[in-house]
Amino acid sequence: MSKKDYYEVLGVNRDASEEDIKKAYRKLAMKHHPDRNPDNPNAEEHFKEAKEAYEVLSDGQKRAAYDQHGHAAFESGGMGGNPFGAGAQGFDFSDIFGDIFGGGRGGGRSNVQRGADLRYNLEITLEQAARGTETQIRVPAMAECETCHGSGAKPGTSPTTCSTCAGHGQVRMQQGFFSIQQTCPRCHGSGKMITSPCKDCNGNGRIKQHKTLSVKIPAGVDTDDRIRLSSEGELGVNGGPPGDLYVVIQIKPHAVFQRDHNDLHCEMPISFTTAALGGSIEIPTLDGVATIKIPAETQSGRIFRLRGKGIKGVRSSSHGDLHCHVEVETPVSLTDRQRELLREFEEINEKDSERHNPRARSWMNKVKDFFVA
């Protein structure tokens, strides 16, 4: 029975890259491995077929011979010899499945891990967010123990080689056809054991400290925006690189303004007479004082917009707007003369209330229609 084309077995094109071939084999090997398919008698045959194809196509010389002569290149007396003969190189499954089972080639540094990322919540004012600022923060950090210089061992002593993994940091376990590497359970991947731990760090090699960092806050930041401080996170394990520190912005409530993305909103109380007769008022902005002209007969709830008086966001090309919401204020603590004038005003107003109070009249008509219905 003739053998299948190796490229067809792996399901790749003839110009496939080494990485594509490796990915295809990994997928087939995991699918057809006998340990995963105990009830499928054909699984082992498919697995061996894929293994044979990968052994040839992953080797540059063997692949070139196969491309030129096909399977004949590896038959007895052929150009390449039997790929599984006595002269063949050993086949290392850890190269294929290391990333799946946590194993891999190498020795005692196999458990090197990047440090964890850290988060720091930073409160700033609205003005600082709008203009940008630079501030300093004090954060907890793990630093190398100065007493043992990071070894974790008591001064005058040294860590010893782990007897379980012989200093490699990993142990090999046999599971069926697989030879799987796992982190050593005794030394946790360090390859060393500490019999006399340092008293200052309790054998960890690191101690908790605080460090002061300078943070540049760009203009326009908003709540929940993050600023990344590279390599300022937690220290790595077994010599791994440190993580990053993310400074998360929180903007404090403002006495005057409420922010909505790049726009600002504020309530603008005006007197009863200003609303009725009109006038001018001054309002604060982030750039100073602005004047707004209030037309006569302005109603409560009207919004005046000042273009470009908002905030220019970090990713924006222009400033937002300032929205001023009018709130007509009812006078309080009236004098006798003020009450007298208001009663006189009310008497005059009632003579033609439909003209002077159209909204009230319209509302009353709606109420009457509601009860009639």
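Residues numbered from 1 in each chain as written. Predicted model: local features only at pLDDT ≥ 70, side-chain atom pairs only at ≥ 80, totals over all residues. Heavy atoms only, no water.

A. Quick peek at the overall build of the protein. If you tally the helices and strands in the protein, you get 10 helices and 15 strands. Relative to its full complement of 373 residues, the protein shows a buried share of 31%. Put simply, 62% of the contacts in the protein that link residues at least 6 apart link residues at least 24 apart. Of the accessible surface of the protein, which amounts to about 23,900 Å², a share of 47% is contributed by carbon and sulfur atoms. (Helix = DSSP H or I, 4+ residues; strand = E, 2+ residues; numbered from the N terminus. Buried < 20%, exposed > 50% of the residue type's maximum accessible area, 1.4 Å probe, protein only. Contact = heavy atoms within 4.5 Å. Areas by Shrake-Rupley, 256 points an atom, 1.4 Å probe, with all protein chains shown as cover.)

B. How the structure looks around the packing of helix α2 (residues 18–32) against helix α3 (residues 43–57). Close contact between α2 and α3 brings their axes to 9 Å; oriented N to C, the two are set at 165 degrees. It follows that α2 is roughly antiparallel to α3 by the angle criterion. α3 is crossed by α2, and the crossing has left-handed handedness. Where α2 abuts α3, its residues I21, K22, Y25, L28, A29 and H32 lie against A43, E44, H46, F47, A50, K51, Y54 and L57. Here the contact of α2 with α3 is built from residues that sort into nine nonpolar, two polar and three charged. (Axes fitted to C-alpha atoms, helices over the stretch in contact; angles between N-to-C directions. Parallel < 35°, antiparallel > 145°, perpendicular 65-115°, else oblique. Left-handed = near helix turned anticlockwise from the far one by under 90°. Nonpolar A, V, L, I, M, F, W, Y, C, P; charged D, E, K, R; others polar.)

C. Unusual backbone geometry, seen in detail. Even without being glycine, D224 reaches a positive phi, approximately 80 degrees. Mapped onto the elements, D224 comes out in the loop between β7 (206–217) and β8 (226–229). One non-glycine residue with positive phi stands out, namely S231, at about 65 degrees. Within the element layout of this structure, S231 appears in the loop between β8 and β9 (245–251). The exposure class of S231 is partly exposed, given its relative accessible area of 40%.

D. Expanded view of the side chain of R63. Looking at where R63 falls in the secondary structure, it is placed in helix α4 (residues 60–69). One polar contact links R63 to Y7, side chain to side chain, over a distance of 2.9 Å. Not counting the four nearest positions on each side in its chain, R63 is found in contact with Y7, R14, D15, A16, I21, V56 and L57. (Polar contact = N/O pair within 3.5 Å; in protein donor to acceptor, adjacent residues only side chain to side chain.)

E. Highlighting the nonpolar core. Of all hydrophobic cores here, the largest spans 35 residues; its most connected members are M268, I283, I292 and C324. The residues touching I292, leaving out its near neighbours within four places in the chain, are M268, G279, S280, I281, I283, F304, L306 and C324. In this structure, L28, A29, L57 and F74 belong to the second largest nonpolar core, which totals 21 residues. (Core = buried A, V, L, I, M, F, W, Y, C linked by side-chain atoms within 4.5 Å.)

F. Local environment of α4. Buried residues of α4: K62, R63, A65 and Y66, and no others. Buried residues along α4 cover an arc of 165 degrees about the axis, so they all sit on one side. Exposed residues lying more than 90 degrees from the buried face of α4 are G60, Q61 and Q68. Check the buried side of α4 and you find it contacts α1 (6–10), α2 and α3. For α4, the N-terminal cap is D59; the gap from its side-chain oxygen to the backbone nitrogen of Q61 is 3.0 Å. Where α4 ends, the next residue or the one after it, G70, has phi of about 70 degrees, a positive value. (Arc of directions from axis to C-beta.)

G. Looking closely at the sheet that holds strand β14 (residues 303–306). If you trace the four strands from one edge of the open sheet to the other, you get β10-β11-β15-β14, paired in mixed fashion. Each of the sheet's edge strands pairs with one partner strand only, and the pair in question is β10 (258–260) and β14. Each strand axis lies, on average, 30 degrees off the axis of its neighbour in the sheet, ignoring direction. Here four bridges tie β14 to strand β15 (residues 322–329), and the two strands are oriented antiparallel to one another. Bridge pairing links F304 to C324 in β15. (Pairing = 2+ DSSP bridges.)

H. View of the pattern of salt bridges. Applying the stated criterion across every chain yields a total of 12 salt bridges. Of the charged contacts in the structure, one is a salt bridge between E340 and R337, with a shortest N-O distance of 3.4 Å. Within this pair, E340 and its partner R337 are both found in helix α8 (residues 336–350), separated by three residues, close to a single helical turn. Judged by relative accessible area, E340 falls into the partly exposed class, the value being 44%. One network of salt bridges, with partners in common, ties together R114, D117, R228 and D244. (Salt bridge = Lys/Arg side-chain N within 4 Å of Asp/Glu carboxyl O.)

I. A look at the environment of L286. Looking at where L286 falls in the secondary structure, it is placed in the loop between β12 (279–285) and β13 (288–294). C-alpha separation for the pair L286 and R131, spaced 155 residues apart in sequence, amounts to 9.3 Å. The contacts of L286, once residues within four sequence positions are left out, are E127, A130, R131, F257, L264, G310 and I311.

J. Quick look at α2. If you check α2, its first and last C-alpha atoms are 21 Å apart, about what 15 residues at 1.5 Å a residue would give, namely 21 Å. Along α2, the residues classified as buried are I21, K22, A24, Y25, R26, L28, A29, M30 and H32. (Expected span 1.5 Å × (residues − 1).)

K. How the structure looks around the confidence of the model for the protein. Per-chain confidence: the protein averages 80 in pLDDT, with 81% of residues scoring 70 or above. No element of the protein has a lower mean pLDDT than helix α5 (residues 94–101), which averages 44, and none a higher one than β14, which averages 94. Confidence over residues 76–110 falls short of pLDDT 50; this stretch has 68 contacts with residues more than four positions distant or in other chains. (pLDDT = per-residue confidence, 0-100.)

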